[in-house]
Amino acid sequence: MTETEKLLASCLSEIEKCDSLKKIEAIKNVIFGKNGKITQVMDKLRGLDQEDKRKLGAEINSVKNEITRQLNLKYSRLELKELNKKLGSEFVDVSAPARPRSFGKIHPLTKVSEEIADILSYYGFVCADGPDLENEYYNFTALNMPDHHPARTMHDTFYINTPSDEKGRHLLRTHTSPVQIHSMLANTPPYRFFSIGRVYRSDSDATHTPMFTQVEGIMVEKNVGFAHLKWLITNFLKKFFAAKDLSIRLRPSFFPFTEPSAEVDLNYEVKNGEMAFGRGDKWLEVCGCGVVHPNVLRYGNVDPEKYQGIAFGFGVERLTSLKYGVPDLREYFESGDRWKSTFGFHHVS
Amino acid sequence: MRFSFNWLKRHLATDLGIHQIADRLTSIGLEVESILDPEEIFKNFKLVQVETVEKHPDADRLNVCGIKDARGQKARIVCGAKNVRVGLKTILAMPGAVIPSSHEVLKKSKIRGIESEGMMCSPAELAISSDKGAIIELDNEVDLATSVGEVLGYGGGIIDVSVTPNRGDCLSVRGIARDLAAAGAGDFISSDAKPFKDSFKFPLEVEYERSGSCSQYAPIIAFRVIRNLKNGRSPQWIKSFLQSAGANSVSAVVDMANWWMMDSGRPLHIYDLKKIKGHLSVRFAKHREKFVDLKNVEHHLHQDMLIAADAESTLCVLGIMGGAKVACDENTTDILIESAVFDPIFISRTGTLLNLTSDSRAMFERGIDEASCVPGIEGITRLILDNCGGEASKIFVAGREPQQKQAVTLRKEKLLSICGYDVDWASAKAALKKLGLREIKSSVAEATYAVPRWRSDINIEEDLVEEILRITGYDSVPVKRMEDVFVGHDKILHERKRLTEASRLLASCGLSEAITYSFTKESYAEVFLEDGKPIYLINPISADLNVMRPSLLPNLLLAAKRSLNYGQAGVKIFEIGNVFYDSCAQERRIAGLRAGSAHDRNWLQNSRSVDTFDIKADIFALLDFFGVKLKNIAIEPVAPPYYHPSRSGSILLRKKKLGHFGELHPKINKLFGISESLVCFELQAAALLDHKGEKTPYAPKVFPKIVRDFAFVFKSKVAVGNIVNALYKLDPLICEVDIFDYFKLDDAQNSIGVSVTLEAVDRTLTEDDAKGVSEKILKYIKTVGGELRAK
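Residues numbered from 1 in each chain as written. Chains lettered and ligands numbered in written order. Predicted model: local features only at pLDDT ≥ 70, side-chain atom pairs only at ≥ 80, totals over all residues.

Attention now goes to the overall build of chain A. Along the backbone of chain A there are 12 helices and 10 strands. For the C-alpha atoms alone, the extent of chain A along its principal axes is close to 130 × 50 × 40 Å. Per-residue burial for chain A yields a buried fraction of 41% across its 349 residues. Within chain A, residue pairs in contact and separated by at least 24 positions form 67% of the contacts whose partners lie at least 6 positions apart. (Helix = DSSP H or I, 4+ residues; strand = E, 2+ residues; numbered from the N terminus. Buried ≥ 20, exposed ≤ 12 C-beta atoms within 10 Å, placed from the backbone. Contact = placed C-beta atoms within 7 Å.)

So, about the overall build of chain B. Within chain B, the regular secondary structure consists of 22 helices and 40 strands. Seen through its C-alpha atoms, chain B measures out along the principal axes to roughly 125 × 85 × 55 Å. The buried share among the 791 residues of chain B stands at 43%. Sequence-distant contacts, at least 24 apart, represent 68% of the contacts inside chain B between residues at least 6 apart.

Residues and elements named next belong to chain B. One can describe the packing of helix α8 (residues 252-264) onto helix α11 (residues 373-388) by two numbers: an axis separation of 10 Å at closest approach and a directional angle of 140 degrees. Taken together, the axis directions place α8 and α11 in an arrangement best described as oblique. Where α8 crosses over α11, the two elements pack in a sense that is right-handed. Only Gly 376, Gly 379, Ile 380, Leu 383, Ile 384, Asn 387 and Cys 388 of α11 make contact with α8, whose side of the interface consists of Ala 252, Val 253, Met 256, Ala 257, Trp 260 and Ser 264. Split into classes, the residues belonging to the contact of α8 with α11 amount to 9 nonpolar, 4 polar and no charged. (Axes fitted to C-alpha atoms, helices over the stretch in contact; angles between N-to-C directions. Parallel < 35°, antiparallel > 145°, perpendicular 65-115°, else oblique. Left-handed = near helix turned anticlockwise from the far one by under 90°. Nonpolar A, V, L, I, M, F, W, Y, C, P; charged D, E, K, R; others polar.)

Let's shift gears to the domain arrangement of chain B. For chain B, the domain assignment lists domain 1 (2-38 + 158-188), domain 2 (43-146), domain 3 (206-399), domain 4 (408-476), domain 5 (491-690) and domain 6 (706-788). Each of domain 2 of chain B and domain 4 of chain B was reduced to a C-alpha centroid, and the two centroids are 56 Å apart. (Domains from an automatic or database assignment.)

Looking now at the sheet that holds strand β19 (residues 306-309) of chain B. Residue and element names in this part refer to chain B. The sheet built from 5 strands is open, its strands ordered β13-β16-β19-β20-β21 with mixed pairing. Only two strands of the sheet have a single partner each, and these edge strands are β13 (206-208) and β21 (321-322). Pairing of β13 with strand β16 (residues 280-284) involves 3 bridges; the strand directions are parallel. From the neighbouring strand, Val 206 faces β16, where its bridge partner is Leu 280. (Pairing = 2+ DSSP bridges.)

Residue and element names in this part refer to chain B. At their nearest, the axes of helix α9 (residues 344-354) and helix α10 (residues 359-366) sit 7 Å apart, and the two run at 140 degrees to each other. By the angle between their directions, the pair α9 and α10 is classed as oblique. As for the relative orientation of α9 and α10, their crossing is left-handed in sense. The segment α9 lies against α10, with Pro 344, Ile 347, Ser 348 and Gly 351 engaging Arg 361, Phe 364, Glu 365 and Arg 366. Tallied by class, residues from the contact of α9 with α10 come to 3 nonpolar, 2 polar and 3 charged.

Moving on: the interface of chain B and chain A. How large an interface is tends to be reported as the accessible area lost when its parts come together. The partner chain A presents 72 residues to the 80 residues of chain B that form the contact. With 9 residues, helix α15 (residues 491-508) of chain B is the single largest residue contributor to the side of chain B that touches chain A. Partitioned by chemical class, the residues of the side of chain B that touches chain A number 38 nonpolar, 24 polar and 18 charged.

Attention shifts here to the domain arrangement of chain A. Here chain A is partitioned into domain 1 (3-86) and domain 2 (108-332). In this structure, domain 1 of chain A and domain 2 of chain A have C-alpha centres spaced 92 Å apart.

Right, let's talk about the environment of B:Val720 for a bit. Residues and elements named next belong to chain B. Residue position: Val 720 is located in helix α21 (residues 720-730). It is 70 Å that separates the C-alpha atoms of Val 720 and Ser 34, two residues lying 686 residues apart in sequence. Non-local contacts of Val 720, meaning those with residues more than four positions away in its chain, are made with Ile 739, Tyr 742 and Ile 752.

Right, let's talk about unusual backbone geometry for a bit. Here the residue pair A:Pro189 and A:Pro190 is connected by a cis peptide bond, since its omega of 5 degrees sits within 30 degrees of zero. As for its placement among the helices and strands, A:Pro190 is situated in the loop between α8 (178-186) and β4 (191-200). The step from A:Glu259 to A:Pro260 runs through a cis peptide bond, and the omega angle for that step is 0 degrees. Relative to the helices and strands, A:Pro260 is located in strand β7 (residues 258-271). Phi angles above zero are rare outside glycine, and B:His103 is one such case at about 60 degrees. Checked against the element boundaries, B:His103 lands in the loop between β7 (89-93) and β8 (109-111). Positive phi, close to 55 degrees, is recorded for B:Asp582, a residue that is not glycine. Locating B:Asp582 in the fold gives a position in the loop between β31 (570-581) and β32 (585-596).

Turning to the sheet that holds strand β25 (residues 408-411) of chain B, a few remarks are in order. Note on sheets: strands pair through backbone hydrogen bonds, and any given pair is parallel or antiparallel. Residue and element names in this part refer to chain B. With antiparallel pairing, 3 strands are arranged side by side in an open sheet as β25-β27-β26. With one partner strand each, in any of the chains shown, β25 and β26 (438-442) form the two edges of the open sheet. Across the sheet, the axes of successive neighbouring strands diverge by a mean angle of 30 degrees, strand direction being ignored. Strands in contact with helix α14 (residues 461-472) are β25 and β27 (446-450); relative to β25, the strand with the most contacts, it is inclined by about 65 degrees.

Looking now at the environment of B:Glu694. Residues and elements named next belong to chain B. Mapped onto the elements of the fold, Glu 694 is located in the loop between α20 (685-690) and β37 (706-714). Judged by the 7 C-beta atoms lying within 10 Å of it, Glu 694 is exposed. Sequence separation between Glu 694 and Lys 629 is 65 residues; the distance between their C-alpha atoms is 8.5 Å.

Residue and element names in this part refer to chain B. Positionally, Ser 648 belongs in strand β34 (residues 643-653). Taking the number of C-beta atoms within 10 Å as the measure of exposure, Ser 648 has 24 and is therefore buried. Taking the C-alpha atoms as reference, Ser 648 lies 6.6 Å from Val 638; in sequence the two are 10 residues apart. The contacts of Ser 648, once residues within four sequence positions are left out, are Ala 639, Tyr 643, His 660, Phe 661, Gly 662 and Glu 663.

Turning to α14(B), a few remarks are in order. Structurally, the α-helix is built with 3.6 residues per turn, so residues lying three or four positions apart point the same way. Residue and element names in this part refer to chain B. Over its 12 residues, α14 runs 17 Å from end to end, which matches the ideal 16 Å to within 8%, given 1.5 Å per residue. Among the 12 residues that make up α14, 9 are buried, leaving the element largely enclosed by the rest of the structure. All of the buried residues in α14 are Glu 462, Leu 464, Val 465, Glu 466, Glu 467, Ile 468, Leu 469, Arg 470 and Ile 471. After α14 finishes, the residue Gly 473 shows a positive phi value of roughly 100 degrees. (Expected span 1.5 Å × (residues − 1).)

Here you go:
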């Protein structure tokens, strides 16, 4: 073993023995200090000739580098060890609950109204709005329900104390159809409109609330008839329920504002408590629709010999209940927490 | 409209079963609401006769009865009905029977120690009437082997059809049969009454104003007298049919008139002739003329109602309801039959004014067969004479049968355009023919039809198209793709979407969306009304919902209360919706409410109640969403009186009122019975939707910011928000002002810590810049009564 090899071995063994950051300084002194191991070997250079001096010098240098590297390595190891020892005392119980952050829920009717609006907008319908407070003219007369028409009494109308005027008594709209008239009067055909809003009937039991939500659509064009209506309703429902096999049944009915009129039933069956659409022998009414009555077109300032219209209406609560399984109608307007946490929608949904 | 299948089969020869008929009815627009199948309903029921009746040894009011059925099988039944007696024929529910009124399954049970092997039923238990005092008494002639369904009039099952208001003709079994036949569900059996030989002159003097409004509203009215009849009980077949329709049996004559009406759709009224004093007049009522109806309810009539009266009083409000005075009873021997045509709207108005409903009104207001006036009298005469005897007078007719309606022309082109597809012209015409429409003339392009008298609903071309589609079947209509149209900018939809996004934002702030009624309680409306007067409902469904809400807050408070009562520690809700005031003002608002605990109890934070600054944070989240810059906002410490007077404020957007927020007044807690803290806000949605925020041009920010902190003391009351706003405007270098500390030093002095951040877009700021701004700040603070706090 050469001198330098001996030197390296003895220094490394010193480093090896070191077990704390404090001792590192002492070891540095033992190795590199005035009387340190390296100095001692360096002293030996003095008596050597040029060639040996250069050779030994180079050897010592490489030993020095190696020792420094090992020292730094040791230093960081010890440093980490001591830090970890300290961190160990900073223990937190990661199983403890997080700091609470609460989010609200979106009402199912808002979510479903948005879904409906998106589909109708896709089919070219423009959104329209009308007042909840209406009068007999727009709610009945202009929709081909003249005074004392038996259909008026079927509407269980809420009247308000605003004094009557030339448009008749004031009332809470019993359907969104008055929006049709407002929109027709404000525009020239061809056009397609829809409207979503609250409507009111003085009726209250498990299946009726005095307020509910309707969506209504009308299109007036040169070339649109019953067959187009059937296409539109079928496609709307397929899109809404995301069910390509959905099947519907149109059945004749009566609305004063359409002729011919139809009610639309959805085909379904109940399987393991879940509704499955498009099969089985059960039918559920979801929509009323028809070809717009010529009198309504006239009230809307449209010439029935030039244009024709189709119109439809859905109950939004009914669609919501069917799609998302919300049971009791009354709970829609109670805002109960348990109801919301079950049927409400995630705030970013 | 309810009727039994057997009744229908009197008018329709068909091979179809009840369920197939029901499907067919629904498909032609006569929606079947339910089918009652007696085989199902009356499984485990049978007819029995009581053989023995003995007192129950342990109960005074109970009897132990021995009964037997058609096959002689006996059983012991404990029965509490008073009318139980030996020989009585009645209906027995056996163990396993489902009792129609309660839907419960009957079990064998011991009643006071004695086992009862079934139950003898009351009409109420079988859900056929509300009569629950006694058990059913069947006619003695009834054969015990008859099925229960048969005796209860369920002959072949009961069909309940919902008839739309346009189809007056289908308020009768005959009308329904006719429609079914047109749709190919069988053959219509016509049953025209044979001409009848009258035996004496019409004996009464009748006054009827031939000209003027009387003949306008009642164009024709006919009478006949029948004398010397015997008004006993109706034959069983009539009783059964009436039962199937849900009508009670009264007496033979009354039952026959009812049956005739439901069978043929021709309303008739029958007066007890001997109760009519003097001559008969058909006239308008006098102002507030008194009338006592069949149910003994007194009415005061209007001058525009048509009545039949004798020399003394009102006998009948024509077309609506007869009076108690001339009602037939078991002693009636002579009757007057009235048959007429009335104007539908006239009848509807009279009925609405008197708040009276009747089958007759329903038929007249929907429109009846105008040619049925005299044939109707002939038909019922035959029925009465056959069953009750007597002789009939000549028929007295006042007025004239209304003219045949105008013919309706159908253009082929219009048919195709309404249908939207290529309808076969020949089959369209065939469908109309099946419905009894008579072709008057026709060409390649159009056909003109005479409409049968019973179809008062067919008046225009469109009505013919509906009939064609109805009879050929909506199922056969193909689907036709609509033309694609693309919507450009849709302002209203855009606003809807903005508000839905705002809802999501509020939900991410922790508030849940509520949708509450548009009406509320009057006492709440009064408190929350800001401007004008509340709007009242004239006919509310309850006193708690009798006024339109002038604010979203009261119904949110009720919703919060429900959740708090239910044990929720903190409630956070919002609603976007309309409020109403001042006769017809309608305004969309956004309101939020936080109540009780600010956050769920947890181990990291101390529990605290919600405060004004929680709700203010919600508002500022909204303002940020709608692009409102802080500099456009002002807060003023005034709010409506339902707020805490010193913990609430108004918020102004570009100097216009946007809404208010803060803690609610303790009187509101009291009014709603809520003890928890309540903070809320309510803003006008329109102001936010219409707000046009200005865009700041983009400049990359690369130069370091300088932050300076100040601690000020104010000797007077301060509005720190105003100071922040003012500081923003002080120097263009100021990019951020934060309040990091705000507390009371003593009663008079407030200490406020302000952190001001400076930034320039084009250079690195120097110490001199900072110094200059600091001096400006100090100078400004002095003007509002503050100074630097001594160290």
